[in-house]
Amino acid sequence: MDTRQAIHSDHARTLDTAGLRREFLVEEVFRPDALTMTYSHIDRIVVGGIMPVTAPVELPASLGKSYGVAYFLERREMGLINIGGPGWAELDGARYEIGSEEALYIGLGAREVRFGSDDPARPAKFYYNSAPAHRQFPTRRVTLAEAASVTLGDARTANRRTIHKFFVPDVLPTCQLSMGMTKLAEGSLWNTMPCHTHERRMEVYLYFNLASDAAVFHLMGQPQETRHIVVHNEQAVISPSWSIHSGVGTTNYTFIWGMVGENQTFDDMDHVAVADMR
Ligand SMILES: O=C(O)C(=O)C[C@H](O)C(=O)CO
Ligand SMILES: [Zn+2]
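Because the structure is a prediction, the values reported are computed rather than measured. (Residues numbered from 1 in each chain as written. Chains lettered and ligands numbered in written order. Predicted model: local features only at pLDDT ≥ 70, side-chain atom pairs only at ≥ 80, totals over all residues. Heavy atoms only, no water.)

A. Up close: the sheet that holds strand β9 (residues 94-98). A sheet is described by the order of its strands in space; here four strands give the open sequence β6-β11-β8-β9, paired in antiparallel fashion. Two strands close off the open sheet at either side, each with one partner strand: β6 (57-58) and β9. Here strand β8 (residues 87-91) runs beside strand β11 (residues 113-117); their pairing, made up of five bridges, is antiparallel. Bridged to Glu90 within β11 is Arg114. (Pairing = 2+ DSSP bridges. Helix = DSSP H or I, 4+ residues; strand = E, 2+ residues; numbered from the N terminus.)

Given below as structure tokens:
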């Protein structure tokens, strides 16, 4: 488990490339036959990947000790989106089939949790976010068709994209976790530009569907103190509440966004005009 401390914007602005990558980048999200876990002190979000290939992968019982509880999801909810081949989750004996680009919300209290792939040649890749939860909501699979989707942007500004909102109040109740997936159209390179911050929530982006010779230049920092992080396929970036979070790719790509904090109001954003950025 990789633990990341919270970081003040005054400290972040002093960091060089290596420092920014150490604090904000999650370089390895998926490892074959393993569960990866990055625990941020920012709103206590946990992010990682689960990639069962030759055998099922379980949430280890030892996680309880790391979080001071009997088991990981005793006081937490978890959301995952499958960016690999078809697979399944088994929660206290109940099985959920999860196809490609399908999501599963796991309510507080699931104790025996394990994951598998239907075909080891096309392993499932479950990208997950987990947040502290105050009550149990029903576990539920959400398909792409069931997500709340909207297409934004324009080819003229190279930011044509479709936002699929899987875990938002319009789709299903969660305690604080919001998650979704944004797909950039062919020929579009910019996401979330003009950009924004939101003091009320932190956010994590996972970038994927990038070729090995492609990259996303992820923009972060306060609007007048911007920095960038070069992100490659299937890497994630932690975005504190004070930071913009936008990106421009060398090709189009897809990213998953996850938010936790005060509210689940997707449009509760502090917009930043391009002219005001430095
Ligand atoms: O394409 C976009 O714009 C997004 O997906 C925005 C993110 O969902 C976000 O930053 C929400 O706060
Ligand atoms: Zn945002």
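B. Inspection of the packing of aromatic side chains at higher detail. A full pass over the atoms with the stated rule returns ten aromatic pairs. Ring geometry for Tyr105 versus Phe167: centroids 6.0 Å apart, planes at 70°, classification edge-to-face. Pair noted here: Tyr105 is in strand β10 (residues 103-106) and Phe167 is in strand β15 (residues 161-167), with a separation of 62 residues, a long-range link. Judged on exposure class, the residue Tyr105 and its partner Phe167 are both buried. Measuring from ring centre to ring centre gives 5.6 Å for Tyr207 and Tyr253, while their planes differ by 70°; the resulting arrangement is edge-to-face. You can see Tyr207 sitting in strand β19 (residues 201-208) and its partner Tyr253 sitting in the loop between β23 (246-249) and β24 (254-261), a full 46 residues away along the chain. Judged by relative accessible area, which is 0%, Tyr207 ranks as buried. Among the aromatic residues, ring-to-ring pairing joins Tyr205, Tyr207, Tyr253 and Phe255 into one connected group. Stacked on the ring of Phe266, the Lys or Arg Lys165 has its end atom at 4.2 Å from the ring centre. (Phe/Tyr/Trp six-rings, centres within 6.5 Å; stacked < 30°, edge-to-face > 60°. Buried < 20%, exposed > 50% of the residue type's maximum accessible area, 1.4 Å probe, protein only. Lys NZ or Arg CZ within 6 Å of the ring centre and 35° of its normal.)

C. Spatial organisation of unusual backbone geometry. Between Met193 and Pro194 the backbone carries a cis peptide bond, its omega angle lying at 5°. Locating Pro194 in the fold gives a position in the loop between β17 (190-191) and β18 (196-197). Phi at Asp43 is positive, roughly 55°, even though this residue is not glycine. Within the secondary structure layout, Asp43 lies in the loop between β4 (38-40) and β5 (46-51). The class for Asp43 is partly exposed, based on a relative accessible area of 34%. Positive phi outside glycine occurs at Asp92, with the angle close to 50°.

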